[in-house]
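Overview (structure and organization)
Here's the letter readout for the chains.
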Amino acid sequence: MKDLISIHDLTSLQVEEILSLARDLKQKQRNKEKHEYLWAKSLAMIFEKPSTRTRVSFEIGMWQLGGLAINLDQENIGLGARESIGDVAKTLSRYADGILIRTFEHKKVIDLAKSASVPVINGLSDLLHPCQALTDVFTIREEKGLEGAKKDGKGLKVAYIGDGNNVCHSLMFACAKVGINLTIAVPVGYEPDEEIVKMAFSDAKTAGIQIDILNDPIMAAKNADVIYTDVWTSMGQEAESKKRKADFEKFQINKELVKLAKPDFIFMHCLPAHRGEEVTDEVVDSTNSVVFDQAENRLHVQKAILTMLLR
Ligand code: CP
Ligand code: NVA
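About the criteria used
All chains use their own residue numbering, which begins from 1 and follows the written sequence. Here every chain gets a letter starting at A, and every ligand a number starting at 1, in the order they are written. Where totals are concerned, whole chains, interfaces and linings use all residues; where local detail is concerned, this predicted model gives features only for residues with pLDDT of at least 70, and gives and counts side-chain atom pairs only at 80 or more. Only heavy atoms go into the side-chain values, all of them from the structure, while hydrogens and water stay out. Throughout, the term near means that a residue has one or more heavy atoms lying within 4 Å of the molecule or strand in question. What qualifies as a polar contact is a pair of N or O atoms within 3.5 Å, subject to a donor-acceptor requirement within protein and to the restriction that residues adjacent in sequence count only when both atoms come from side chains. Per-residue and other accessible areas were derived by the Shrake-Rupley procedure at a 1.4 Å probe size, with only the shown protein chains allowed to occlude residues. Gly counts as polar in this scheme, as do all residues outside two lists: the nonpolar Ala, Val, Leu, Ile, Met, Phe, Trp, Tyr, Cys and Pro, and the charged Asp, Glu, Lys and Arg. When DSSP finds two or more bridges between a pair of strands, those strands are recorded as paired. Only DSSP runs of H or I reaching four residues or more are called helices, and only runs of E reaching two or more are called strands; each is numbered from the N terminus. Here an axis means a line fitted to C-alpha atoms, over the contact stretch when the element is a helix, while the angle between two N-to-C directions is reported on a 0 to 180 degree scale. Only heavy atoms matter for contacts: two residues are in contact if any of them lie within 4.5 Å across the pair. Within this analysis, patches are made of residues with over 30% relative accessible area and no salt bridge. Like charges are joined at 9 Å or less; nonpolar side chains (Val, Leu, Ile, Met, Phe, Trp, Tyr) at 5 Å or less. Here, a salt bridge means any side-chain nitrogen of Lys or Arg that lies within 4 Å of a carboxyl oxygen of Asp or Glu. Relative accessibility thresholds used throughout: buried, under 20% of the residue-type maximum; exposed, over 50%; partly exposed, between the two (1.4 Å probe, protein chains only). For Phe, Tyr and Trp, where Trp contributes only its six-membered ring, two rings pair if their centres lie within 6.5 Å, and the inter-plane angle classes them as stacked under 30 degrees, edge-to-face over 60, or tilted in between. Two helices cross in a left-handed way if the nearer one is turned anticlockwise from the farther one by less than a right angle. They cross in a right-handed way if the turn is clockwise. Joining through side-chain atoms within 4.5 Å is the link that ties buried Ala, Val, Leu, Ile, Met, Phe, Trp, Tyr and Cys residues into a set, and such a set is a nonpolar core.

**Notes on the site of ligand 1**
Every residue close to ligand 1 is listed here: Ser 51, Thr 52, Arg 53, Thr 54, Arg 102, His 129, Gln 132, Cys 270, Leu 271 and Arg 298. Between ligand 1 and Cys 270 there is a distance of 2.9 Å, counted from a nitrogen atom to a backbone nitrogen or oxygen. Measuring from an oxygen atom of ligand 1, one finds a side-chain N or O atom of Arg 298 at 3.0 Å. Here ligand 1 has 250 Å² of accessible area as a free molecule, and 96% of this is covered by the chains. Here the residues of the shell around ligand 1 are counted per class, giving two nonpolar, five polar and three charged.

Quick look at the structure:
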């Protein structure tokens, strides 16, 4: 495992290793135990899109592991404009022990990894958001008490209701790798990418779990243990915002819809949320909502990814 570009590329065992290390790191941090597994190591982070959780969890995570992270924004690094992707990858590989990239075209992540001699981490592309989805399955297990021998998530109904986007794609892979059933509800025309679906279905078959893709939010919400949503307009799609608001109207997670879920359902969102669009304040601020636990877990899971790749 050199890079983390897509969860599809990982074995179930590798995913389990990341999750178990994350649990251990979370415990160590709670107990204020030293865990400087990356002493004097460094991470170069390229951000072509804004970020709060990804940037902060990786930067503080590197520091807590005894290393250093530096932030390179598009204005300064000019990836593919000021300098070719290959030359940036080769240069950064001489200074840093790992590279994180958040960008638009997924191909840029792949190209960077091809030329870099150090691990490359996909911090979100238009296609995938693997670091988020690993955190999401970690959070689901934690919240639903699926630890140790009770790890089997086949009895759970996780419902992702919203856009068939990068977050949805990676969630499909993550659920398949850890054996959690997933029901997806998207408006017609906003289905997940066909190629990704094919790969995720094949992972799901191997794991013996079910991924269903529907166009009905009500069917998806019924008896759900987890209701997950993401923004209707992702970064880079701002010009489509008005049309998307109309197309997704029936997919809002509100008080009425969550009444269909199990009483102890949890509400999840990768954040940032567009309150009043994909989710109402009532739901995101309710006691069922675990969005800030989910956000905190980014730190523990990112530290596990860094330790696996950079140690
Ligand atoms: N969920 C997530 O990746 O948040 P940021 O865009 O703030 O990094
Ligand atoms: N789908 C969203 C996720 C943000 C973390 C986006 O790409 O903007």
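**Description of the sheet that holds strand β8 (residues 226–229)**
With parallel pairing, five strands are arranged side by side in an open sheet as β7-β6-β5-β8-β9. Two strands close off the open sheet at either side, each with one partner strand: β7 (211–214) and β9 (266–269). With direction set aside, neighbouring strand axes in the sheet form an average angle of 20°. With four bridges joining them, strand β6 (residues 180–185) and β7 adopt parallel strand pairing. Looking at β7, one finds that Leu 182 is bridged to Ile 211. Of the strands in this sheet, β5 (153–161) and β7 touch helix α8 (residues 194–207), which is tilted by about 140° from β7. Set on the sheet, helix α13 (residues 291–310) makes contact with β8 and β9; between it and β9 the angle comes to about 50°.

**Focus on a nonpolar patch on the surface**
Where nonpolar side chains cluster on the molecular surface, the patch consists of Val 56, Ile 60 and Trp 63 and spans about 330 Å² of accessible area. On the basis of relative accessible area, Trp 63 is assigned to the exposed category, the value being 64%.

**Overview of the packing of aromatic side chains**
Tallied over the entire structure, the rule returns four aromatic pairs. Judged by centre distance (5.7 Å) and plane angle (40°), the ring pair of Tyr 160 and Tyr 228 falls under tilted. Of this pair, Tyr 160 sits in strand β5 while Tyr 228 sits in strand β8, and the two are 68 residues apart along the sequence. Neither residue differs from the other here; Tyr 160 and Tyr 228 are each classed as buried. Ring centres of Trp 232 and Phe 248 lie 5.6 Å apart, and the angle between their planes is 20°; this geometry places the pair in the stacked category.

**Examining the packing of helix α1 (residues 12–30) against helix α6 (residues 130–143)**
It is at 10 Å that the axes of α1 and α6 come closest, and there the two elements cross at 65°. Crossing of α1 over α6 shows right-handed handedness. Side by side, α1 and α6 meet where Val 15, Glu 16, Ile 18, Leu 19, Ala 22, Arg 23 and Lys 26 of the first sit next to Leu 134, Val 137, Phe 138, Arg 141 and Glu 142 of the second. Per-class residue counts for the contact of α1 with α6 are seven nonpolar, no polar and five charged.

**Comments concerning the nonpolar core**
Core analysis: the largest hydrophobic core is formed by 61 residues, its most contacted members being Leu 182, Ile 305 and Leu 306. Per element, the largest residue contribution to this core is nine residues, and it comes from helix α7 (residues 166–178). Non-local contacts of Leu 182, meaning those with residues more than four positions away in its chain, are made with Val 158, Tyr 160, Leu 171, Met 172, Cys 175, Gln 210, Ile 211 and Asp 212. Listed in part, the 23 residues of the second largest apolar core include Ala 221, Phe 248, Leu 257 and Ala 261.

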